[in-house]
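Per-entry structural report
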There are 2 protein chains.
Amino acid sequence: MINKLVEKIRKTNAPVVAGLDPMLSYVPGYIKEKAFSELGETLEGAAEAIWQFNKGIVDAIYDLIPAVKPQIAMYEQFGIPGLMVYKNTIDYCREKGLIVIGDIKRGDIGSTSAAYATGHLGKVQVGSRKYSAFDEDFATVNPYFGTDGVKPFIDVCKEEKKGIFILVKTSNPSSGEFQDRIVEGRPLYEWVGEKVAQWGEEFMGDSYSYVGAVVGATYPEMGKTLREIMPKIFILVPGYGAQGGKGADLVPFFNPDGLGAIVNSSRGIIAAYKQEKYASFGERNYADASRQAVKDMIADINGALNSR
Amino acid sequence: MINKLVEKIRKTNAPVVAGLDPMLSYVPGYIKEKAFSELGETLEGAAEAIWQFNKGIVDAIYDLIPAVKPQIAMYEQFGIPGLMVYKNTIDYCREKGLIVIGDIKRGDIGSTSAAYATGHLGKVQVGSRKYSAFDEDFATVNPYFGTDGVKPFIDVCKEEKKGIFILVKTSNPSSGEFQDRIVEGRPLYEWVGEKVAQWGEEFMGDSYSYVGAVVGATYPEMGKTLREIMPKIFILVPGYGAQGGKGADLVPFFNPDGLGAIVNSSRGIIAAYKQEKYASFGERNYADASRQAVKDMIADINGALNSR
């Protein structure tokens, strides 16, 4: 799957992933009204509105980018109906040829991580049969438990030829509280990065490992160091756009081959029509606004990469 | 909710929580056969088997203990049907008067943590209405993101009078890889513990905070230190039984008032009938075996506490 990701990035010339993290407040009024008129102001109605919203965006952008990253929390908050839309969104995106990175940030003791890995990337045994429950292509993983908590994900990845992205340095303002603490002269995130590089050696694709890392766009200096510590590790970079990261900030995350990183934008793409810049599209054309935002993001990143 | 937990522990004289972490392999053959004959060897069939298994155990033990802790991963691996059983299990346990600790170990950047907090502890707004999606009483939270990732959970807890348990030192063998790294002369988990104590001050119950901690039974020496660092923090202690923790190991986690900790056992309770010790119950009486295991666990812990 990491080879496929690299190939799709090359083909689209877009190291970009669209974060499908819908808030009900992003969904245009006319979509919500239709869903609520059919299903009421219920969890089912909210889920239906998000599903229609997602489909519109995916239809408008699927040919431009290699991958999407649905954030499961945004679906989970609507309970079972929300999670059904998470699953439908995964399936729909895969049908459209997109690679799906499930932003689940799971991680636990070994037996529990094994269950998460099975549910999201693998197949669960039921009697004599096996089923894929969520079936993302990649999943994000929290490293706090150490090797025990990560290994079951790698084992399932090996079976299924899928991948993970492990949190190393997160994009949020308080990420430094623990991640930046100095351990033997170096910040903890570097130690986590070294571990990720080690874990990554266990399961290599052609040029990059099936084990990737998450490093926030909001910390470009740290991105530079981590790029050096983890040369064969693909970096998923959140924090572009709404969280403050810009094209020029992203250059350090890439290798000289122009690969090695994929940049996520969520609000900046899916709620583009709410920005002044794209307001002229109007809410009826929210998906076209998203398409334009994707094009602008690709140009911003490629411009920064080409001028380095 | 922390006051209710303390009250229920006093009433039952059992600082014990049963981990409802069902594996299909724990479910007696006759339950699986019935479920599969009705629904086939499908995700629905697996979920039904787990649901019947859970109900049997809850019916057999609900009067002995204050709380249960379903591990969502074990349900999530069966996809939507599994998560429906997670929700049904929560509702069923609450009807039986049990406090429900959702072992979800979520944690993310602020806006995403807010969605998890809403979905598991709070109410999500849909138009003019509000809905509880999962509605646990407590949830476990991963601290890797720092304050931003934890604060949204505390905010929802304040609104709903619910609580959280934040991972400090986990019970698994490799937990030390990052958690034990030395920062300014002290292990990282102590710094996390100090932060938990600070966060806990923000929302105090009568004698303990609504913000609790997770510290593994497998590390009693560390438990002792953390007990001192976090005097007003209730500690959820996993790792008893199957993971190796014993009654005597648990004493350091408790305060002199005999409170301050609640000990989880999962496999040791729910799959008790598979142990040699309880084999005479037979699989038809698996729930009675679980009841006996709970009684033995309570006696083991109270014995250790009384002889200190």
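This text follows the structure it describes.
**Looking at the pairing of strand β12 (residues 261-265) of chain A**
Residue and element names in this part refer to chain A. Among the 5 residues in β12, 5 count as buried, and that is most of the element. By the bridge criterion, 3 bridges tie strand β1 (residues 16-18) to β12 in an arrangement that is parallel. Across the sheet, residue V17 finds its bridge partner in β12, namely N264.

**Observations concerning the interface of chain B and chain A**
Interface size is often expressed as the accessible area that is lost when the parts come together. Facing the 69 residues of chain B at the interface are 69 residues of chain A. Interface area, chain B with chain A, both sides summed: about 5800 Å², of which 62% is carbon and sulfur. The interface formed by chain B and chain A holds 7 salt bridges in total. The partner of A:R181 in a salt bridge is B:E184, and the shortest N-O contact between them spans 3.2 Å. In this assembly, chain B and chain A are joined by 33 residue pairs in polar contact (both at pLDDT 80 or more). Here the side of chain B that touches chain A takes 7 residues from helix α6 (residues 110-120) of chain B, the largest share from any one element.

**Let's talk about the relation of the copies chain B and chain A**
Note on the identical chains: chain B maps onto chain A by a rotation of 180° and an axial translation of 0.0 Å, with an RMSD of 0.0 Å. In symmetry terms, the pair is related by a two-fold rotation axis. Every residue of chain B has its C-alpha some distance from the rotation axis, and the shortest such distance is that of B:V183, at 2.7 Å. Comparing contact sets, 100% of the residues at the interface of chain B also lie at the interface in chain A, consistent with an isologous, same-surface contact.

**Remarks on the nonpolar core**
Soluble, globular proteins show a tendency: their nonpolar side chains are buried together. Membership of the largest hydrophobic core comes to 248 residues, with the highest contact counts inside it found for A:M230 and B:M230. Those residues in contact with B:M230 that sit more than four places away from it in its chain are B:V168, B:G193, B:V196, B:A197, B:A213, B:V215 and B:I235.

**A closer look at the packing of aromatic side chains**
Residues and elements named next belong to chain A. All told, the structure shown has 20 aromatic pairs over all chains when counted by the stated rule. Every member of this aromatic cluster is reached through a ring pair, and the members are F53, Y273 and Y286. Here the guanidinium or amino end of K169 rests over the ring plane of Y219, the centre of that ring lying 4.1 Å away.

**Comments concerning the packing of helix α3 (residues 43-61) of chain A against helix α5 (residues 79-95) of chain A**
Residues and elements named next belong to chain A. It is the contact of α3 with α5, at a shortest axis distance of 9 Å, that shows an interaxial angle of 15°. Relative to α5, the element α3 lies roughly parallel. Considering the relative orientation of α3 and α5, their crossing is right-handed. Contacts between α3 and α5 pair L43, E44, A47, I50, W51, N54, K55, V58 and D59 from the former with P81, G82, V85, N88, T89, Y92 and C93 from the latter.

**Quick look at helix α1 (residues 2-12) of chain A**
Residue and element names in this part refer to chain A. Of all the residues in α1, the buried ones are I2, L5, V6, K8 and I9. Buried residues along α1 cover an arc of 165° about the axis, so they all sit on one side. For α1, the exposed residues set more than 90 degrees away from the buried face come down to R10 and K11. Tucked into the core, α1 has its buried residues touching β2 (67-68), β3 (99-106), β6 (138-141), β7 (163-169) and β12. Two residues or fewer past α1, N13 is found with a positive phi of approximately 50°.

Conventions used here
Residues numbered from 1 in each chain as written. Chains lettered and ligands numbered in written order. Predicted model: local features only at pLDDT ≥ 70, side-chain atom pairs only at ≥ 80, totals over all residues. Heavy atoms only, no water. Buried < 20%, exposed > 50% of the residue type's maximum accessible area, 1.4 Å probe, protein only. Helix = DSSP H or I, 4+ residues; strand = E, 2+ residues; numbered from the N terminus. Pairing = 2+ DSSP bridges. Contact = heavy atoms within 4.5 Å. Buried area = accessible area lost by both parts, 1.4 Å probe. Salt bridge = Lys/Arg side-chain N within 4 Å of Asp/Glu carboxyl O. Polar contact = N/O pair within 3.5 Å; in protein donor to acceptor, adjacent residues only side chain to side chain. Least-squares fit on C-alpha atoms with pLDDT ≥ 70 in both. Core = buried A, V, L, I, M, F, W, Y, C linked by side-chain atoms within 4.5 Å. Phe/Tyr/Trp six-rings, centres within 6.5 Å; stacked < 30°, edge-to-face > 60°. Lys NZ or Arg CZ within 6 Å of the ring centre and 35° of its normal. Axes fitted to C-alpha atoms, helices over the stretch in contact; angles between N-to-C directions. Parallel < 35°, antiparallel > 145°, perpendicular 65-115°, else oblique. Left-handed = near helix turned anticlockwise from the far one by under 90°. Arc of directions from axis to C-beta.

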